[in-house]
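# Residue-level structure breakdown
Given next are the chains, with one letter for each unit.
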Amino acid sequence: MNAEHIGPASAPRDVFYATTPIFYVNAAPHIGHAYTTILVDVVTRFHRQRGDDTFFLTGTDEHGEKVAKAAERAGVSPQVYTDRVAAEFRATWDAMGIAYDEFIRTTEPRHQQVVREVLQRVYDRGDIFYGEYSGLYCVGAERFVTEKELQDGKCPDSEEPPEYRTEANYFFRMEKYRPWLRDHIERNPDFIRPERYRNEVLAMLREPIGDLSISRPRARVPWGIPLPWDEEHVTYVWFDALINYWSALLSRGLEQRYWPAVNHFIAKDIVKPHGVFWPTMLKAAGIPVYRHLNVHGYWLQDERKMSKSLGNVVGPLELQAKYGRDAFRYFLLRDMSFGLDASFTEPAIAERINADLANDLGNLLNRTLGMLSKFRDGVVPEFGPLEPDDEALRDTFLSLPEALSAHFDELHYERAIEEVMQAVRSANKYIAEQQPWALAKDPALAGRLDTVLRSCLEALRCASVLLESVLPEKCRALRVQLGLPDVESSLADARRWDGLPAGTQASVGDPLFPRIDVAALLDELAAPDTEPLEHKTPIDITAFGALELRVALVTHVEPHPKADKLLVLTVSLGAETRTIVSGIRAHYTPEQLVGKKVVIVANLEPVRLRGVESQGMVLSAEDPDGSLSVVTVDRDPVAGAEVR
Ligand code: ME8
């Protein structure tokens, strides 16, 4: 979340700079955004474990027609609107424990200045000219689309119909760089990966790509960065946005250190801007091109891409609260093969968690610590002489750091995880075969029991190191149960079979991965929404108008320290955070509330409730039996949206 992970520049380490797309602030963060962001978090953590000098960039894309229109719909200025939604993205990533090093917003002066410098450089080189253009423009994807690209008359990226436009714009001589780009991609097979997307871009480059319109008349689209040589035009949103990857480093003086060792991570919707616009822009500006463009598929729901405009969105914070932060990360990384689409369903999350985490890993931990506590008072024993079965288990685990590194380098995250889980399963099998409970019955076999227990402990310790990038909190908690300190591990810790000193006191803790009741989940998902009817007493409209009702995103909840009926909620209104004390403790656990978008009365005088100031009131519905349900909102309006 800050620079604390960045080591000294002089250390002889590999450099790993990874980026997510900067997301449009026309909608609140959804699971698709969360996936790419979690993925980059996992990959960066893994590289840090490997000893690389890492830097993780994310942020928000705030200019352009699409965002300006969203602000208009919300009835506020673009600046107020973007401040609000950018804050919601940031609050969401923070609540999800995403360890980004930098969060960039394209409305920040430091970014705008770099965009203007890059534009001026390309202009001075003669690669920008003024001209007129007619074509089909898609506001959803913020780009011109060709007739050929259309699918059923709609833009392939946004699935929205484009509109015909004629406009005088400045153009970037992109076509001029087509032969160079084709050659570059052909010479560097891993420039765009996996291969299907490389082929997709090569196919685009087989025919003329045309020149790129890079400005919009300010009179029509005032929300953007003015061109340095003609203030009557603002920069086209993609030319502005792509530069974030460079401006974020430049504004911190980090470009020498991290550029061009960059790994961009995106989904397949934005391959053309990243695979064609961006490298040609860099080339024209005299900046070395990025190292890798890594393209993943879509999360689908009911066979369709999950997206805000399609209205089939699941909130990432809600899922995290329901299934646990680490378990949710595990599902996303394990159930998508990088590059391909994957289906998203809640029963699939539950089944994955139960099979891999509660059963395989959870059982290995519980059985091992249970036996250690029963037979050795929880004290880690010495190894005796190793038998072939012990050596086989050891060798399985000690081969994993190399295997994992290779899978990560080849973007096969799901295989990396599966390989560790296979080793975990082999450790469970080892227990079944060695039968420590039988060894414990014969005092003459005490040494053998020590070796078996110690082997299981080392297996668990290694697994916790290998899975730490995916399950950061749980793996550390697991090592704490083994008696080790609560610190980030290095991959080198998984290259040894003696990382847990004999004599260490282990202790059984709470189960790390509770089983999910799938039957109850299916019932819950099938339950119809029933709303009790209420009789309303007529009131004067001005009485209603005096109320300020707002949508608030619950980011954190804890019990009131002094009152057992109250919960203390931290809620985000986008640009503002508030504390609200609410009497719903008998009706909700904190986990059930985090991630929900509730409706609050925002203009009540603050009151102190048993020593905690409450800055608003959460609305809830009361059933005849007195049980309360908080009022949430249909669709997914941004936090802070006014309820009228
Ligand atoms: O395109 N499955 O922003 P955006 C997987 N501002 N990933 C998904 C997804 C899904 N169903 N839906 C979205 C923009 N994503 C531009 C980017 S970069 C210089 C400018 C993720 O808010 C995925 O990473 O539309 C995708 O590429 C991105 O969100 C698009 O986010």
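This write-up is about the structure you can find in this document.

Conventions used here
Residues numbered from 1 in each chain as written. Predicted model: local features only at pLDDT ≥ 70, side-chain atom pairs only at ≥ 80, totals over all residues. Heavy atoms only, no water. Near = heavy atom within 4 Å. Polar contact = N/O pair within 3.5 Å; in protein donor to acceptor, adjacent residues only side chain to side chain. Areas by Shrake-Rupley, 256 points an atom, 1.4 Å probe, with all protein chains shown as cover. Helix = DSSP H or I, 4+ residues; strand = E, 2+ residues; numbered from the N terminus. Nonpolar A, V, L, I, M, F, W, Y, C, P; charged D, E, K, R; others polar. Expected span 1.5 Å × (residues − 1). Bend = angle between axes of the 7 residues up to and from the residue. Buried < 20%, exposed > 50% of the residue type's maximum accessible area, 1.4 Å probe, protein only. Pairing = 2+ DSSP bridges. Axes fitted to C-alpha atoms, helices over the stretch in contact; angles between N-to-C directions. Contact = heavy atoms within 4.5 Å. Phe/Tyr/Trp six-rings, centres within 6.5 Å; stacked < 30°, edge-to-face > 60°. Lys NZ or Arg CZ within 6 Å of the ring centre and 35° of its normal. Disulfide = S-S within 2.5 Å. Patch = residues over 30% accessible without salt bridge, like charges linked within 9 Å, V, L, I, M, F, W, Y side chains within 5 Å. Salt bridge = Lys/Arg side-chain N within 4 Å of Asp/Glu carboxyl O. Parallel < 35°, antiparallel > 145°, perpendicular 65-115°, else oblique. Left-handed = near helix turned anticlockwise from the far one by under 90°.

### Structural notes on the site of the ligand
Contacts to the ligand come from 24 residues, most closely from I22, T36, D61, D269 and W299. For the ligand, a nitrogen atom lies 2.8 Å from a polar atom in the backbone of I22. A distance of 3.0 Å separates an oxygen atom of the ligand from a polar atom in the backbone of Y24. About the coverage of the ligand: the protein hides 95% of its 680 Å² of free accessible area. Elements that contribute at least two residues to the shell around the ligand include exactly β2 (23–24), α1 (31–49), α7 (237–242) and α8 (244–250). Across the shell around the ligand, the residue classes tally to 13 nonpolar, eight polar and three charged.

### Quick word on helix α10 (residues 271–285)
Between its terminal C-alpha atoms α10 stretches 21 Å, which fits the 21 Å expected from 15 residues at 1.5 Å a residue. Considering bend angle alone, the principal kink of α10 is centred on F277 and spans about 30 degrees; proline P279 follows within four residues of it. Counting buried residues along α10, 14 of its 15 residues qualify, which places the element largely inside the surrounding structure.

### Things to note about the environment of A327
Residue placement: A327 occurs in helix α12 (residues 325–334). Spatially, the C-alpha atoms of A327 and E591 are 14 Å apart, while their sequence positions differ by 264 residues.

### Observations regarding the pairing of strand β3 (residues 53–61)
Most of β3 sits inside the fold, with nine of its nine residues counted as buried. Bridging between strand β1 (residues 15–19) and β3 involves five bridges; their strand directions are parallel. The partner of A18 across the bridge, within β3, is F56. Note that β2 and β3 share two bridges and pair parallel. Note on β3: the bridge partner recorded for F23 is T60. Examined bridge by bridge, β3 and strand β4 (residues 102–105) share four bridges and lie parallel to one another. Paired with T58 across the two strands is F103, which belongs to β4.

### A few points about the packing of α12 against helix α16 (residues 413–434)
Contact geometry for α12 and α16: axes closest at 8 Å, N-to-C directions at 115 degrees. Residue-level inspection shows Y330, L333 and R334 of α12 in contact with α16, the latter providing Y413, E414, I417, E418 and M421. Class assignment for the residues of the contact of α12 with α16 results in five nonpolar, no polar and three charged.

### Focus on the packing of aromatic side chains
Using the criterion set out here, one finds 30 aromatic pairs in the structure. Taken together, a centroid distance of 5.5 Å and an interplanar angle of 85 degrees make the contact between Y170 and W229 edge-to-face. Separated by 59 residues along the polypeptide, Y170 in strand β7 (residues 163–172) and W229 in the loop between β11 (226–227) and β12 (230–235) bring together distant segments of the chain. Ring pairs connect the aromatic residues Y17, F55, Y245, W246, Y258, W259 and W278, which therefore count as one cluster. We note K268 situated over the ring of Y298; from NZ or CZ to the ring centre the distance is 4.7 Å. Over the face of the ring belonging to F513 we find K474, whose NZ or CZ atom lies 5.8 Å from the ring centre.

### A few points about the environment of P590
Counting through the fold element by element, P590 comes out in helix α22 (residues 590–593). Along the sequence, P590 and L567 sit 23 residues apart, while their C-alpha atoms lie 7.9 Å from each other. Not counting residues within four places of it along the chain, the set of residues in contact with P590 comprises V557 and L567.

### Side note on the state of the cysteines
Going through the model one piece at a time under the given rule, you end up with zero disulfides. Here C138 stays unpaired: no disulfide links it, and the sulfur of C155, its closest cysteine neighbor, is 3.7 Å away. This cysteine, C462, is not joined by any disulfide, and C475 carries the nearest cysteine sulfur, 12 Å off.

### Some remarks on a nonpolar patch on the surface
The grouping of I541, F544 and L547 at the surface amounts to a nonpolar patch, some 300 Å² of accessible area in total. Position of F544 relative to the elements: it lies in helix α21 (residues 541–545). The exposure class of F544 is partly exposed, given its relative accessible area of 36%.

### Describing the packing of helix α18 (residues 446–466) against helix α19 (residues 472–482)
Taken N-terminus to C-terminus, the directions of α18 and α19 make an angle of 155 degrees; their axes are 9 Å apart at the nearest point. Judged by the inter-axis angle, α18 sits roughly antiparallel to α19. Considering the relative orientation of α18 and α19, their crossing is left-handed. Side by side, α18 and α19 meet where L457, L460, R461, S464 and V465 of the first sit next to C475, L478, R479 and L482 of the second. Taken together, the residues of the contact of α18 with α19 sort by class into six nonpolar, one polar and two charged.

### A word on the side chain of R165
Considering the arrangement of structural elements, one finds R165 in strand β7. Accessibility expressed as a relative area gives 10% for R165, which makes it buried. A distance of 2.8 Å separates polar atoms of two side chains, one belonging to R165 and the other to E65. Within the structure, R165 has its side chain in polar contact with the side chain of E163 (distance 2.9 Å). Setting aside its immediate chain neighbours within four residues, R165 contacts E65, Y133, S134, G135, Y137, V139, F144 and R220.

### Some thoughts on the sheet that holds strand β17 (residues 342–343)
Here three strands make up an open sheet; going across it, the order is β16-β15-β17 and the pairing mixed. Each having just a single partner strand, β16 (304–305) and β17 make up the two edges of the open sheet. Note: strand β15 (residues 299–301) against β17, two bridges, orientation parallel. Paired with W299 across the two strands is A342, which belongs to β17.

### A few points about the pattern of salt bridges
This model, assessed by the stated rule, comprises 50 salt bridges. For R48, the salt bridge goes to E488, with nearest N and O atoms at 3.3 Å. You can see R48 sitting in helix α1 and its partner E488 sitting in the loop between α19 and α20 (518–526), a full 440 residues away along the chain. By relative accessible area, R48 is classed as buried at 14%. Classification of E488 as partly exposed rests on a relative accessible area of 38%. When the shortest N-O distance is used, the salt bridge between R116 and E231 registers 3.3 Å. Separated by 115 residues along the polypeptide, R116 in helix α4 (residues 109–124) and E231 in strand β12 bring together distant segments of the chain. In this structure E231 comes out as partly exposed when scored by relative accessible area, which is 37%. Within the structure, one salt-bridge network assembled from shared partners comprises E65, E163, R165, E167, R216 and R220.

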